[in-house]
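Here's the letter readout for the chains.
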Amino acid sequence: MTLSSTAPKTTSTMNSSIVFDQVTKLYPGQAAPALDSLDIEVKSGELVCLVGPSGGGKTTALQLVNRLVDLSSGDIRIGDRSIMDIPAIELRRTIGYAIQQSGLFPHYTVAENIAIVPTILKWDKSRITRRTAELLELVGLTPVDSWLGRYPSQLSGGQQQRVGIARALAADPPVMLMDEPFGALDPITRMAVQDEFLEIHRAVGKTTLFVTHDIDEAIKMADRIAILKPGGKLAQYDTPAEVLTHPADKFVAEFLGAERGLKRLALTTVAEVLLAKADSELPVESDLPKVEADVTLREALSVVSAAGAHGARVMERGSHLGDVTLHDLVDPPANAVDAKSGEGIGS
Amino acid sequence: MDESEGLMNEIFGAFPFIAANFGMLMEKTSEHLIISLVPLLAAIVIGVPVGIWLGHIHKGEFLAVSITNIGRALPSLALIAILIGFVGIGMLNAMIALFLLAFPPILSYAYQAVNSADRDLTRAARGMGMTPLQVLNKVELPLGLPMIISGIRTAAVLTVSSATIATIAGSGGLGDVILNQVAYGIEGVLAGAVWVAILAILVDQVFALLLRVAAPTGVKQLRATTV
Ligand SMILES: Nc1ncnc2c1ncn2[C@@H]1O[C@H](COP(=O)(O)OP(=O)(O)OP(=O)(O)O)[C@@H](O)[C@H]1O
Ligand SMILES: [Mg+2]
């Protein structure tokens, strides 16, 4: 199943970068700007997470892009075109928008919710029907027929959020804005939906600006992270690995928290360490705990520590791939980490 | 003992009266309905659109609230008395009084219905590229409809029951019977009162039914699952 059978193939050929050019927003009646001279570029197809303290201007930054909020000064360009040159309503129809609590219309069925933008765009009925089915499959709500007629109140939070994502993707917009889309989910559901969304993102390659409170979510999802500090100033804009290893200032270091070092380990999987290691030496001890190849170093470390062992046996579908030592986990080979931090952009 | 027995007899006497004077009561009822429903309709025609519009632009809270408070503070009897004092008696005046009675709840409920629409929802709607009119038609109105109808329901019960008093203004209706013990006897007065009460309950129930129909499906589901 390809995603673009009913949607125009825009994203791969078109430049859909989002450029913030000296963007400042001062709300009327406020003494300090909510955003102050923000300069970032989200490259075509990139997933950028905006993080920062509450009131740091994250939502404002997002709403400036689809013109729900007006710029005070500076400019935002999507694919080299200033958003001010496009009528606001037309602009919004080319931007996917997903928010916390899903923002689904309670009086619309799942199918009707997903069809909102295509209907506004006057797609014909059969195309909308096909597209809706395609999207539900994409977000894992199958069999499609059993979901179409449900109302949001009949869905779990995670299911609602999946429909919210499907709705934002409906008209195949080149750009996606997501404002804490998973903020209301419990940790387990949240992880599952994050994984799914990452997979979707890799498949459809939308330029995505993703606001989150949760630095761990940003580290997991983002190609690059933009960290805002109070007063709406950009503190750092870099890859997760770079942000974790070289925080730009004290604010960033504190924002990342005391577990910054551990978080960094969450960026690399044991499989990557095995690959990077020249000698995947054979068992030293026979009672090593087992870990799956796709777990992160952080998770593996936890397993090793819980078992009181000095390393772990790496398994994949029941077969033994090799072993990692405690030392490998705590101080992974540099090329394993680099391989990770360079990935994503332009892939 | 004797007195209460007498009262019971009179209350029961109301039913034979209703049976014996059914034609006359029906005539008075239709008058009564005209006196109450015409002002109600006028209040709907003006109050609903104005309330919706003010709610949509999120302005006029002050207006909506103060009109409601004035409406609440003024008992209908006083209102009619004041009005008769100002403009004199007659059917039109009774209707104006009833209009003034019906207008505040209709306006303020319609205003609240739209103004209180979930901001996240309207933001999502605008963010998807809906025009303001589409936001109104597809989000604010369907979700606010039950509340708009609640306002009309309140106003309808109020006008139907208060139309009785409008007789003071010489406008006809069931008040003619209720306020004329000389002609109709105590049975007649009670019969009229019972009849008005039944009428008000009927009107109330019609709107209750309408409300059930008007609640958007998904929202009804929500209620069903949370109860
Ligand atoms: N419509 C508005 N009018 C005036 N001030 C506003 C408005 N919206 C936001 N602000 C202010 O601008 C600042 C940034 O708000 P914003 O909603 O962008 O923060 P945020 O980073 O999204 O916060 P949170 O993490 O709590 O969602 C805050 O100080 C807020 O009070
Ligand atoms: Mg926010």
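Definitions and cut-offs
Residues numbered from 1 in each chain as written. Chains lettered and ligands numbered in written order. Predicted model: local features only at pLDDT ≥ 70, side-chain atom pairs only at ≥ 80, totals over all residues. Heavy atoms only, no water. Buried < 20%, exposed > 50% of the residue type's maximum accessible area, 1.4 Å probe, protein only. Helix = DSSP H or I, 4+ residues; strand = E, 2+ residues; numbered from the N terminus. Near = heavy atom within 4 Å. Polar contact = N/O pair within 3.5 Å; in protein donor to acceptor, adjacent residues only side chain to side chain. Nonpolar A, V, L, I, M, F, W, Y, C, P; charged D, E, K, R; others polar. Contact = heavy atoms within 4.5 Å. pLDDT = per-residue confidence, 0-100. Pairing = 2+ DSSP bridges.

Enquirer: Can you explain helix α1 (residues 58-65) of chain A? Please cite residues and give values.
Expert: An α-helical turn contains 3.6 residues, so any two residues separated by three or four positions project in the same direction. Residue and element names in this part refer to chain A. The buried fraction of α1 amounts to 7 of the 8 residues, a majority that puts the element mostly inside the structure. Three or more residues of α1 are buried, namely Lys58, Thr60, Ala61, Leu62, Gln63, Leu64 and Val65. Within two residues after α1, Arg67 carries a phi angle of roughly 60°, on the positive side.

Enquirer: How would you summarise the site of ligand 1 if you had to cite specific residues and measurements?
Expert: All names here are of chain A. Every one of the 13 residues lining ligand 1 counts as a neighbour, but Ser54, Gly55, Lys58, Thr59 and Thr60 are closest to it. Tyr27 places a side-chain nitrogen or oxygen 3.4 Å from a nitrogen atom of ligand 1. For the shell around ligand 1, the class distribution of residues is 3 nonpolar, 8 polar and 2 charged.

Enquirer: Explain the side chain of Arg190 of chain A residue by residue, including any values.
Expert: All names here are of chain A. Checked against the element boundaries, Arg190 lands in helix α8 (residues 187-204). Overall, the relative accessible area of 13% leaves Arg190 in the buried class. Ignoring anything within four residues of it in the chain, the contact list for Arg190 reads Phe182, Gly183, Leu185, Thr212, Asp214 and Glu217.

Enquirer: For the confidence of the model for chain B, give the residues involved together with the corresponding values.
Expert: For chain B, the average pLDDT comes to 84, and 92% of its residues sit at 70 or higher. Predicted as a complex, the structure gets a pTM of 0.81 and an ipTM equal to 0.80.

Enquirer: Residues and numbers for the pairing of strand β3 (residues 47-51) of chain A, please.
Expert: Residue and element names in this part refer to chain A. Here β3 lies mainly inside the structure; 5 of its 5 residues are buried. Across 4 bridges, β3 lies against strand β8 (residues 207-211) in parallel orientation. Paired with Leu47 across the two strands is Thr208, which belongs to β8. When β3 meets strand β9 (residues 224-229), the two strands line up parallel, connected through 4 bridges. By the bridge assignment for β9, Cys49 is matched with Ile225.

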